[in-house]
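Examination of the molecular architecture
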Amino acid sequence: MIVLPRGIGPALSCGITFLAKCMSMEKIVIFTGAGVSAESGLKTFRAMDGLWNDHAIEDVATPEGWARNPALVLDFYNQRRQEVLAAHPNAAHEAIARLESMFDVTVITQNIDDLHERAGSSKVLHVHGEILKARSSIDPELIHTLDTPTIAPGDRCAKGSQLRPDVVWFGEAVRFMDESETLFANASRVLTIGTSLTVYPAAGLVKHAPYLAEKYLVSPDVQKVPYGFHFMRGLATTVVPHIVTCWMEGRSPVR
Ligand code: OAD
């Protein structure tokens, strides 16, 4: 007979119950883009007043732009970081977090803000990186959470190179792709919110969703709806809480 130290038994059984609950919960993937944070005051990229209207991608979001003018790139992301720090999660972020009481939810986001985490989502994969972190410009593995809102020219990593934002630029490797493909493939429900689905490889993740999964795309306007997805036209803060409430009450979000 194995004798466990006092207190370990109940903790173990609690852990096993939690694991069993997670394993039996239905798996949901929430895939988000800039539109989910738009009503928190953060600009999207491709709207008329979007970020890529005012800034050239090649100047601020490529390794070549960084090599040409690091001060300009740091300034661009310092502004983004300050906006993120001043923003608050909205009703869509909050509704997504509520789903975790009934479902096994993973948020896969193209966004570099932390609004999903602040709303309470516990599993968030940032495929395009995170603005609140900095990384070494010579070692992509050397990452740390920033304790100031800015990265200045001359701020160095432990290996002596200039710090840069821990965001993925065009031409760089997108993160968590294998894990994300598996999560999509195993999901029984997929909710895609606020993305133009124009930037690959992240946009291609939607094609890994199973044929039989329940799949929605939420956006006020859209160029293309991925095959098998049901388009729900509207703002994230209106449509997402509706879908979440329906799912939690066992109803269909579509009338
Ligand atoms: P986009 O700016 O391309 O698309 C934003 C989408 O959100 C559009 O389809 C809008 O219609 C929609 N939208 C706007 N307001 C909304 C709201 N209130 N509720 C719901 N939807 C709304 O942004 P992304 O698709 O996220 O990558 O862009 C993808 C990537 O392109 C970004 O991660 C970034 C950018 O270049 C990198 O920088 C590597």
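Below or above, wherever it landed, is the structure these notes cover. Nothing here was measured: the structure is a model prediction, and the numbers come from that model.

The next subject is the site of the ligand. Neighbouring the ligand are 22 residues; Ala34, Phe45, Arg46, Thr195 and Ser196 lie closest to it. Gly35 is positioned with one of its backbone polar atoms (N or O) 3.4 Å from a nitrogen atom of the ligand. One of the side-chain nitrogen or oxygen atoms of Asp221 is found 2.9 Å away from an oxygen atom of the ligand. Protein burial of the ligand: of its 790 Å² of free accessible surface, 92% is covered by the chains. Counting contributing residues, the shell around the ligand receives three or more from each of domain 1 (27–42 + 89–128 + 173–255) and domain 2 (43–86 + 131–167).

Okay, the pattern of salt bridges next. Working definition: two side chains of opposite charge can pair if their charged atoms are close together. Under the definition given, this model contains 13 salt bridges. Where Lys27 meets Asp104, a salt bridge forms, and the shortest distance between an N and an O atom there is 3.4 Å. Within this pair, whereas Lys27 is found in strand β1 (residues 27–32), its partner Asp104 is found in strand β2 (residues 104–109), the two being separated by 77 residues in sequence. A relative accessible area of 14% means that Asp104 is categorised as buried.

It is worth spelling out the environment of Thr62 at this point. The residue Thr62 is located in the loop between α4 (57–60) and α5 (63–68) in this model. For Thr62, a relative accessible area of 10% puts it in the buried group. Look past the residues within four positions of Thr62 in its chain and what remains in contact with it is Ile57, Trp169 and Phe170. Within the structure, the side chain of Thr62 is placed 2.9 Å from the backbone nitrogen of Gly65, a separation counted as a polar contact.

Moving on: the packing of aromatic side chains. Taken as a whole and judged by the stated rule, the model has seven aromatic pairs. Taken together, the ring pairs in this structure connect Phe45, Trp52, Trp66, Phe76, Tyr77 and Trp169 into an aromatic cluster. Note that Arg80 overlies the ring of Phe76, its terminal NZ or CZ placed 4.6 Å from the centroid. For the cation-ring pair, Arg164 lies above Trp169, with the distance from its terminal atom to the ring centre recorded as 3.6 Å.

Now for the sheet that holds strand β4 (residues 129–136). The strand order β5-β4-β6 describes an open sheet built from three strands, whose pairing is antiparallel. Looking along the sheet, the strands with just one partner apiece sit at the ends: β5 (143–145) and β6 (163–167). Taken over all neighbouring pairs, the strand axes of this sheet differ in orientation by 45° on average, direction set aside. Two elements, β4 and β6, share five bridges in a ladder whose sense is antiparallel. Counterpart to Gly129 in the pairing with β6 is Val167.

Quick notes on the rules
- Residues numbered from 1 in each chain as written.
- Predicted model: local features only at pLDDT ≥ 70, side-chain atom pairs only at ≥ 80, totals over all residues.
- Heavy atoms only, no water.
- Near = heavy atom within 4 Å.
- Polar contact = N/O pair within 3.5 Å; in protein donor to acceptor, adjacent residues only side chain to side chain.
- Areas by Shrake-Rupley, 256 points an atom, 1.4 Å probe, with all protein chains shown as cover.
- Domains from an automatic or database assignment.
- Salt bridge = Lys/Arg side-chain N within 4 Å of Asp/Glu carboxyl O.
- Helix = DSSP H or I, 4+ residues; strand = E, 2+ residues; numbered from the N terminus.
- Buried < 20%, exposed > 50% of the residue type's maximum accessible area, 1.4 Å probe, protein only.
- Contact = heavy atoms within 4.5 Å.
- Phe/Tyr/Trp six-rings, centres within 6.5 Å; stacked < 30°, edge-to-face > 60°.
- Lys NZ or Arg CZ within 6 Å of the ring centre and 35° of its normal.
- Pairing = 2+ DSSP bridges.
- Axes fitted to C-alpha atoms, helices over the stretch in contact; angles between N-to-C directions.

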